[in-house]
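# Reading the structure
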Amino acid sequence: MTANKDFSGSSADVYNYYGTKPGEDIQTREAKKEPTPRAQKERQMYFDSKSSASVEFPYWYTRRWKQLEGEVAIIRRAEALKSGFEHLTPAILPGELLAMRKANYLRGSYPMPWLSEGFFLAKEDELYKEAQKSGKVSADEVTTMGQGGGNVTKSVGNVISIAGKFGLRKEEMPILINTAKEWFNKSVDDVGHKYEQLVPGYNTKEEIMRAVICMFDSGYTLPQGREVMNYYYPLQFGIEGIKNICKEKQDQSAGYPDMDRLYFYKAVFTMLEGLQTWILNYAKEARFMASLENSKDQKEEYLDIVERLEWLSKNKPRTFHDALQLVWIFHVAVLNEDAISGLSPGRLGQVLYPFWKQDMENGHLTKERTIELLECMRMKFTELDCFASMGVVGGVLSGNTFNNLCIGGLDKDGYSAANELEMLIIESAMSCDTPQPTLSLLFDEKLPEEFLLKGIECTKIGTGYPAWISNRVAMDFLLNNFKKEGMQLEEARAWAIGGCLETSPGSWMPLELNGEIYFIPGGSAPATSVGVHFISLPKILEAVLFDGLDKRTGRRVYPAHGSKLESYEEIWTIFKKYFSLTVEVLTLTNNIQHDIWGKVSPSIINSMLKPDCLEVGKDISHKGCRYNRTFNVEICGGVNLVNSLSSIKKNVFDENKISLQELKAAIESNFGYLSALETGSYSLIEQVKKKNYMDWLKIHKLCLDAPKYGNDDKYVDNIFKEWQIWFSKMCENYLSIYNEPLYSCQISVSTHAPMGAVTLATPDGRLCGTTFADGSVSAYPGTDKNGPYALFNSATCYNHALSQNSQLNMKIHPSVVRGREGSRKFLEMIKAYLRSGAFHAQFNIVDSRMLKDAQKNPDKYRGLMVRVAGFTQYWVELGKQIQDEVIARTEYEQIG
């Protein structure tokens, strides 16, 4: 890594203090491969498309729901879903090998007013504008959306921009408003809000949301997702086969105790009828397209879609192409059930391997055709959009949907699970390098070196994937977290990543094909990242320093502690008190929201797929899944918290160089700089000094010079370790709606941008409004001055298996990993880190100056991708807050 320059008074700006020395020319990444012509054509259509909203599904869903007033809730829900699916307009594009999509637009999605309708009503009707005053919209106000790519950031002509991302035709807006009004006081949001106000301390919860100390409520915002799909039942039995299971179970349940089982099986049966109609409507559309087609080849492709969809509407798959199509159908079906991010296909290459192996052995499939199919699959996943508020879509998701495809790991018997199809999955991710699905390589010492080097090859071209994840650490977490629910070593091996980085339990399911049994992995738990969503640690520290106040708004968030803060221990104690209060009130209100979700909008499709819901006759919200300890506490800004505590401890109490009052005054004065809101720059690069800058120079230098995490410095690393151990332990003091203890989760996604935007300068020298450090064990940009192995030592000063995850992002200059020697050196560095007890690492292989040029000239970089925090996204679709943070990350120019 290039050494940082010394801070040299008023002539040096913050970037010179925390930055890297650029070389002569912008270094490009290693040469990329090209997609097949078919995938290239579809990718160009994607680039030319905009995120578009449709009201088709919500209209028909709501209409049917209204007709069934008084019906059993889960039956009513199933009938509404059935109507929605049956009325979706099919759209098939020339050249597509996989049919079906969420809506009739290429990048289509739709609002779900049964979850939350207030946003649409507040935009239209004065009667509902009071809803905008609640704390839950605060995150929207401080979030920036990417201004390029497919985001519809402004209303133009006949298209209305919603949430800064989605375009809706003007003529559809009245339909949306009228549909939304049907859910006033009936949606999960409204009903949940009614009852969460009964929680003692609810007013504190509202102030926490207003201060953006918490990013969003999960009960109605994203009630499902951050989990792994299970495709076993459709692959093994087909849709008619599952219906037969439901009919048999229904007959066994009717009139017997626990009558909810009867209603569950009836609901699944009803929903499957809707899916069958949906599939057959696409088959009809393909037949119609064939009737209009002059090209013989294209006509045959349409007719092939007709035959495949008609078969799969009833039967289990016969071929690899069939299996891939059926997997996609059910993936989209679950996404259409709820607002979902992070619905991961899991270890798809191992799930589909039996079909691929059969077709390859029979001569019905080639590697070239496999690549083409996998590229088409990548495009389908990339086209997915999640309709949510700006605070969620921009501030959390950055427009991404987190469909994580895992490769590697171990099989049921403890041997390497890597296979040849997974090698082709990596190859297709290189040739058709799109954000979705992202890849995660489950590293284990038993994986072949050839397989690992293939992963390195993919990472080097700048895809940002695969992420490298320790199979051993994940299994240790699972065995500890789910032991009371019967998790054993064999089943722990079936795990995968749900969402961007959530460790999710799985199960081995016996797939029979041609008389042979294959045990395939799949998810066996509901959403593994619901609960308390993203607590801003630096913002809580700010409240500690200012007696419970949010200095940005002047509002009181926490009860005044009244302490003079005369010792470091006192500050640390009050921080823990405020943090615990935050977790407590958010857990209680979140439990109510999720209880209402299970009553108003229970999962039917996803429940049917997950072991053991279909066996026991219970949906996800009634603990039908095999594993149910899945609620967590997510945090943001942990490294800034630790660096700030280090600065306070050293400068104020250990060495008495400044008083706490002097530090607070410097913080309120932003160390003599303009705020990020004023400059429009969200990292420490290019910040602008005020005239009184010199008044605060000494204090700012002391804060910047204080020991920083990431340098193998025990002074600050011991603070980091203490925080990690306390945090993971304290989560167990709180119970989810399933009466299971919570666990810690440490990912930032994109929340470090909007949460940084509302936070004053911090005692570590960070400036007001600038973005926090990303991830959980990533160094704050530019502060890791002793090279990657010093960063690794800091990151592994605690046991990573205590938490659901940890997250390390690194930026490496392309010249460092170039060629065969660079690949091996890169791989050895990753192995060293994971062997030391780390959970995760991911990389941007990029020259920062390319990113700066892309920021100035986005049209030249439409296909440029970067790794953000657990996911990859097109550069032009990221908000400036995140762009600035990625540019500012330390760029390593050597790793040996």
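Note: the structure precedes this text.
Described in the following lines is the structure provided in the data block. No experiment lies behind these values; they were computed from the predicted model shown. (Residues numbered from 1 in each chain as written. Predicted model: local features only at pLDDT ≥ 70, side-chain atom pairs only at ≥ 80, totals over all residues. Heavy atoms only, no water.)

## Quick word on the sheet that holds strand β24 (residues 891-892)
Overall, mixed pairing links the 6 strands, which are arranged β8-β9-β10-β21-β20-β24 in an open sheet. The open sheet terminates on both sides in strands that have one partner only, identified here as β8 (404-408) and β24. Across 2 bridges, the pairing between strand β20 (residues 809-812) and β24 is parallel. Counterpart to lysine 811 in the pairing with β24 is glutamate 891. The strands touched by helix α34 (residues 819-835) within the sheet are β9 (438-443), β10 (467-470), β20 and β21 (840-845), with β21 carrying the most contacts at an inclination of about 150°. (Pairing = 2+ DSSP bridges. Helix = DSSP H or I, 4+ residues; strand = E, 2+ residues; numbered from the N terminus. Contact = heavy atoms within 4.5 Å. Axes fitted to C-alpha atoms, helices over the stretch in contact; angles between N-to-C directions.)

## So, the sheet that holds strand β18 (residues 631-636)
An order of β5-β15-β18-β19 is seen for the 4 strands of this open sheet, with the pairing classed as mixed. Each edge of the open sheet is held by one strand with a lone partner, namely β5 (214-217) and β19 (743-745). Across the sheet, the axes of successive neighbouring strands diverge by a mean angle of 25°, strand direction being ignored.

## Observations regarding helix α33 (residues 788-795)
Across the 8 residues of α33, 6 count as buried, placing the element largely inside the fold. Within α33 the residues assigned to the buried category are Pro788, Ala790, Leu791, Phe792, Ser794 and Ala795. In this structure, the buried residues of α33 make contact with α31 (714-730), β20, α34 and β24. (Buried < 20%, exposed > 50% of the residue type's maximum accessible area, 1.4 Å probe, protein only.)

## A word on the environment of asparagine 514
Examined against the element boundaries, asparagine 514 turns out to sit in the loop between β13 (506-513) and β14 (516-523). Put simply, asparagine 514 and phenylalanine 355 are 159 residues apart on the chain and 9.8 Å apart in space, counted from C-alpha to C-alpha. Of note is the side chain of asparagine 514, whose polar atom sits 2.7 Å from the side chain of glutamine 358. (Polar contact = N/O pair within 3.5 Å; in protein donor to acceptor, adjacent residues only side chain to side chain.)

## With respect to the packing of helix α11 (residues 232-253) against helix α12 (residues 260-292)
Between α11 and α12, the shortest axis-to-axis distance is 9 Å and the interhelical angle comes to 160°. By the criterion of interaxial angle, the relationship of α11 to α12 is roughly antiparallel. The way α11 lies across α12 gives a crossing that is left-handed. Taken together, the residues of α12 that come into contact with α11 (itself represented by Ile239, Glu240, Ile242, Lys243, Cys246, Lys249, Gln250 and Ser253) are Arg261, Leu262, Tyr265, Lys266, Val268, Phe269, Leu272, Glu273, Gln276 and Ile279. Its residues assigned to classes, the contact of α11 with α12 shows 9 nonpolar, 3 polar and 6 charged. (Parallel < 35°, antiparallel > 145°, perpendicular 65-115°, else oblique. Left-handed = near helix turned anticlockwise from the far one by under 90°. Nonpolar A, V, L, I, M, F, W, Y, C, P; charged D, E, K, R; others polar.)

## Some details on the pairing of strand β6 (residues 224-228)
For a regular strand, side-chain orientation follows a simple rule: the groups alternate between the two sheet faces. Counting buried positions along β6 gives 5 out of 5 residues, so the element sits mostly inside the fold. As paired elements, β6 and strand β7 (residues 340-344) share 4 bridges and run parallel to each other. Directly across from glycine 225, in β7, lies its bridge partner serine 341.

## Observations concerning the packing of helix α23 (residues 537-545) against helix α27 (residues 638-654)
In the contact formed by α23 and α27, the axes pass within 7 Å of each other and the chain directions differ by 35°. Of α27, the residues touching α23 (which contributes Leu537, Pro538, Leu541 and Leu545) are Gly638, Asn640, Leu641, Ser644, Leu645 and Ile648. Taken together, the residues that form the contact of α23 with α27 break down as 7 nonpolar, 3 polar and no charged.

## Focus on the packing of aromatic side chains
All told, the structure shown has 42 aromatic pairs when counted by the stated rule. Where tryptophan 328 meets phenylalanine 381, the ring centres are 5.0 Å apart and the plane angle is 70°; that geometry is what we call edge-to-face. Of the two residues, tryptophan 328 is situated in helix α14 (residues 320-335) and phenylalanine 381 in helix α17 (residues 367-382); the sequence distance between them amounts to 53 residues. Summarising the burial analysis for this pair, tryptophan 328 and phenylalanine 381 share the class buried. Measuring from ring centre to ring centre gives 4.4 Å for tyrosine 558 and tyrosine 578, while their planes differ by 15°; the resulting arrangement is stacked. With tyrosine 558 in the loop between β17 (555-556) and α24 (568-600) and tyrosine 578 in helix α24, this pair connects stretches of sequence that are 20 residues apart. (Phe/Tyr/Trp six-rings, centres within 6.5 Å; stacked < 30°, edge-to-face > 60°.)

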